[in-house]
Amino acid sequence: YESFHDPTGLMKKFHYGTHYSNAASVIHYLIRMEPFTTLHIQLQSGKFDIADRQFQSFHSSWLSILHNPNNVKELIPEFYYLPEFLINSNQFDLGRLQSTNTIVNDVKLPPWARNSVEYFIYQNRLALECDHVSAHLNKWIDLIFGYKQQGQEAIDACNVFTYCSYEKAIDVDAIEDQITREAIESMIQHFGQIPSQLLFEEHPKRKTKEQVVVDYELQGRAVNIFWDLNHIDLFFVEITPSDEKICDPIVFLSIPKNQIRSFFQQGMLDILVTVSVNRIVGNNGWLPYDKSLSSSFTFERDPTLQTERNHHIITIPFAPDLEITSKLFSVSHDAKYLFSGGHWNCSLCVYSLSKNKTISSVIKHVDIVTCTALDSTGTILVSGSKDKTCIIWHVRMEEMTITTPTDRTSRGLTLVPTNVLYGHDSEITCVALSTELDIIVSGSLDGTCNMYTVQNGTYIQTLYPTGPKIIVFPHIGLSSIIQTLPVPIQQIRLSDERHILIQTSSNDDSSVLHMYSINGKLIHRELVPYKIIDFLLCDNKYIVIAINILQYHQPTHLRATRAPTTTQSTVVGKIIIKDMFDMKMIRTIRLPTQINCLHLAKDFTHLLVGVKGGKLIVITAKRKRSFLLDI
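Residues numbered from 1 in each chain as written. Predicted model: local features only at pLDDT ≥ 70, side-chain atom pairs only at ≥ 80, totals over all residues. Heavy atoms only, no water.

**Q** Which residues make up the environment of leucine 353, and what values do they have?
**A** Mapped onto the elements of the fold, leucine 353 is located in the loop between strand S9 (348-352) and strand S10 (357-362). Apart from residues no more than four positions distant in its own chain, leucine 353 is found in contact with Val273, Val281, Asn283, Val331, Ala335, Lys336, Tyr337 and Leu338. (Helix = DSSP H or I, 4+ residues; strand = E, 2+ residues; numbered from the N terminus. Contact = heavy atoms within 4.5 Å.)

**Q** Lay out the sheet that holds strand S23 (residues 511-517) with the relevant residues and their values.
**A** With antiparallel pairing, four strands are arranged side by side in an open sheet as S21-S22-S23-S24. Each edge of the open sheet is held by one strand with a lone partner, namely strand S21 (489-494) and strand S24 (522-528). Between one strand axis and the next, the sheet turns through 15° on average, direction left out of account. Bridge count for S21 against strand S22 (residues 499-505) is five bridges, and the pairing is antiparallel. What sits directly across from leucine 494, in S22, is isoleucine 500. (Pairing = 2+ DSSP bridges. Axes fitted to C-alpha atoms, helices over the stretch in contact; angles between N-to-C directions.)

**Q** Describe the sheet that holds strand S7 (residues 329-331), naming the residues involved and giving the relevant values.
**A** Pairing in this open sheet of four strands is antiparallel, and the strands run S7-S8-S9-S10 from one edge to the other. Of all strands in the sheet, those with a lone pairing partner are S7 and S10, marking the two edges. Sheet twist, expressed as the average angle between the axes of neighbouring strands with direction ignored, equals 20°. With three bridges connecting them, S7 and strand S8 (residues 337-340) associate as antiparallel partners. In the strand pairing of S8, serine 330 is matched with phenylalanine 339.

**Q** Give me the lowdown on a negative patch on the surface, citing residues and values where you can.
**A** A grouping of Asp171, Asp173, Glu182 and Glu185 is seen on the molecular surface, where their side chains present a negatively charged patch. Among the structural elements, aspartate 171 can be located in the loop between helix H6 (151-156) and helix H7 (178-191). (Patch = residues over 30% accessible without salt bridge, like charges linked within 9 Å, V, L, I, M, F, W, Y side chains within 5 Å. Areas by Shrake-Rupley, 256 points an atom, 1.4 Å probe, with all protein chains shown as cover. Salt bridge = Lys/Arg side-chain N within 4 Å of Asp/Glu carboxyl O. Lys, Arg positive; Asp, Glu negative; His and termini not counted. Charge placed at Lys NZ, Arg CZ, Asp CG, Glu CD.)

**Q** Residues and numbers for the nonpolar core, please.
**A** A general feature of soluble globular proteins is that nonpolar side chains tend to end up buried together. Phe226, Ile575, Leu607 and Val609 are the most contacted members of the largest nonpolar core, which totals 24 residues. Leaving out residues up to four positions away in the same chain, valine 609 has contacts with Leu253, Ile575, Leu591, Ile595, Cys597, Leu598, Lys615, Leu616, Ile617 and Ile619. Counting 19 residues, the second largest nonpolar core, distinct from the first, contains Tyr122, Phe535, Ile547 and Phe581. (Core = buried A, V, L, I, M, F, W, Y, C linked by side-chain atoms within 4.5 Å. Buried < 20%, exposed > 50% of the residue type's maximum accessible area, 1.4 Å probe, protein only.)

**Q** Can you break down the environment of valine 350 residue by residue, with the values?
**A** One can find valine 350 in strand S9. Of the residues examined, valine 350 reaches a relative accessible area of 1% and is grouped as buried. Spatially, the C-alpha atoms of valine 350 and serine 360 are 5.0 Å apart, while their sequence positions differ by ten residues. Excluding anything up to four places from it in sequence, valine 350 contacts Tyr337, Leu338, Phe339, Lys357, Thr358, Ile359, Ser360, Leu413 and Leu415.

The structure is reproduced here in C-alpha cells:
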C-alpha cells in the first residue's frame, strides 16, 4: 500500500491487487463440475490450467492463502452444502503435479475429514454455527459490509482493494472512448466487486447459546431441547378422558407452524391438532410457554373430546384392515384444513378445522390412499396409494359463490391434481417432498424409492436401500438385476440440507436406517434392533426415533410367594436420539407406555409424543423451577 503510486492520479492506493470473490475464484473451486469446467477451459484458452495451480488439496490451498499475499480467496457457499464439488465424478484429465508426478483427481481432504467429503461438509456447517464463529463473525461483517469497508477504517484494517471494484467508483457511461469503456467493464466484471456498504458502525456480536438460554429463561420462553439433552423434563397430558370405555389411541399430532392471528386475536392459543384411530379430531389449544412461568407450555384440551356425543369426526370411514398411522394425515400450515387418506372409497378428504366438518372428498386414485405429505409452502400436496401411483396436488384458495338470497362469495380450498407419478411395482407406503429442493421421494412395498421433481413430476432415479441382486447367465453372456424378497420401505424423511433418510423394516421386527445424498449416494446405513414406530429429523443434526419394547415381569402379588413362576408382558416406549450423520447414540428416554407417533414443535422447543390411552407426553428443556417428572 505504501509503495504504490500512480503518476496519473487515477488509481488510488490499495492493499490487494486481487479480490476475495470473483468469477475466476468460483471457477477455481468448482472446476470438477459443469458448467464451471467448460468456463475454466474457456478462461485458459481451450485447455486446463497446469495441475499445480488448480484446486487439488486443502493442504496446498491453506498454505497458499496463509503465505501468499495475492491469494485472498474466500470460501464459497458450496463448502457448506455441496460435497459433490470435491469429487471428480466426470473423470476429467486434470493433469499431474510437477513435483511428484501425482495425478490430480478428487480434492485431497484434511486428515480429520475421515476421507469422506460428506463428513467434511457436515463438519464445516457445524463449525459455522459454533460459539467461536459467533464471537468473531461480526468482524468479518465489518470488513465486507460494514464500517471497515471504506475510508480510514478500511486503511487501518488493511482492507483496501483496487478502485474499480468499489460501487460507483467509475462512471462507465461517462467514458466516451468505446475501447476504454469495454476494457473498464471487462475489468469490473472479471476482477470482482465490493458489495454495497450496509452498515456504518460496528456490528454487535452474535449471542452465544448460553446467553440465549438466559434470555429465554427471563422471558419465560422455551429453549431448543437439543441444546442440552442432559437436562429435560417430562409432562403427561390427558387428551382422551381416562373414563372412556373404548381405548382410542392418538395416531397423529401437529402444531401448524404458520398460524396467522389478526391484531384482535393476539395472545390467543395456537391449535394442536390430534386425530385418533376412530377418526376423532381434536382442536386443542397450545402455547410454547406458560405465562405463569410454572410450566414450559400451555395446553387446553378440546372440550368436545370429553363426551362421545360431542366428538368431531371425519365422516368417511377408514378402509378395513388398514393400519391407521400418522402417514395418512397432513395439516395446512394455517391450521385451517386437515387432509386425510385411508378411506374405503379411495378418496382424499379435506376436513375444515374451523367448521369442524368434512368439506371435500376427491377421488383420483383407483385404490386406497396410503400416505400424504404437504410441502413447506402449504401449496403442494402429494398422495400415495395402493394403486402403485402418487399424485401431485396443487392446494388453492379460490373464490366460490354460495347460492343464497344475497348470493355472497367466499374463499374455499380446492385440490387440483397436476401430475400422476408412476414407476413402482407395489403399493406406495410413504412419501416425502421438498419444494426448495424440487424433489419428491416415494417408497413402496417393492423395496424401492423413486425420486421425481416437484415442478413437473419428472422421474429422476430409483434408490435401492436393500440393494438389487445381480444374477449372471454365463451361457448367454447376460446379467439381470432382480430384487428377491424385497424389504418394504416404511418411512422417508428429507432434510433441508439435501439428505434423504429411509427406514426399512424386515419381518424380524428390526429396522434399518439408510441415509442418502440428494444425488442418490449412500452415505450411511445403521441397523436398529427394534421396529421403528416413527422418527423425525431435527435441526439438521439429530434423528429422533420412537420404538416400543415388550417387557416381561412377574406380577407384584406373586413376588413374595412360592407360587409357580408366571410372567406378564408390558409394552413400554423408548425415545432414541442419534447424531444424524454417523448415527451414534446421544440420548435415550424411557417412557412407561406404548408410543404411537411423534411431533416436534416450532423451533424444536417441545417434543410431543402420542402414547397409548389417548394421552400425550411433552418433552421440554428443564426449567429452573421444574416441578414434574424429571428423567
